Amino acid sequence: MVDFADRASAQEARDREDAIKRARGTHRKTKPMHLSCASCADPIPEARREAVPGTPWCAFCANEKEKNND
Ligand SMILES: [Zn+2]
């Protein structure tokens, strides 16, 4: 069944392309992730990254910056 195998691999290639396009699309929409604080270099917990997407600071430094702005 050469014909079936050819069709299967063509479908596989399309699925792979779709997956790559989806991955790239998702990647573009995602805000840049800061894994560590831009100020003190401490790791930013995943919970904080989810609560404040794209924040470059840990909770402590963000607080300090808020205080300084007052
Ligand atoms: Zn920090």
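Every value quoted in this text rests on a predicted model; they were computed, and no experiment measured them.

(A) Quick look at the overall build of the protein chain. A count of helices and strands for the protein chain gives three helices and zero strands. Looking at the protein chain as a whole, 4% of its 70 residues are labelled buried.

(B) Structural detail: unusual backbone geometry. In this structure, alanine 41 is a non-glycine residue whose phi angle is positive, near 70°. Among the structural elements, alanine 41 can be located in the loop between α1 (2-29) and α2 (46-51).

(C) Up close: the environment of threonine 55. Tracing the sequence through the fold places threonine 55 in the loop between α2 and α3 (59-69). Taking C-alpha positions, threonine 55 is 9.8 Å from serine 36, a pair spaced 19 residues apart along the chain. Aside from chain neighbours lying at most four places away, what touches threonine 55 is His34, Arg48 and Ala62.

Thresholds, definitions, all that
Throughout this document, residue positions are counted from 1 along each chain, in the order its sequence is written. At least 70 in pLDDT is required for a residue's local features to be given in this predicted model, at least 80 for side-chain atom pairs to be given and counted, and no such filter applies to totals for whole chains, interfaces and linings, which use all residues. In DSSP terms, a helix is any run of H or I states spanning at least four residues, a strand is any run of E spanning at least two, and both are numbered starting from the N terminus. Any residue surrounded by 20 or more other C-beta atoms within 10 Å of its C-beta is treated as buried, while 12 or fewer makes it exposed and the intermediate range makes it partly exposed; C-beta atoms here are placed from the backbone. We call two residues in contact when the distance between their C-beta atoms, placed using the backbone, is within 7 Å.

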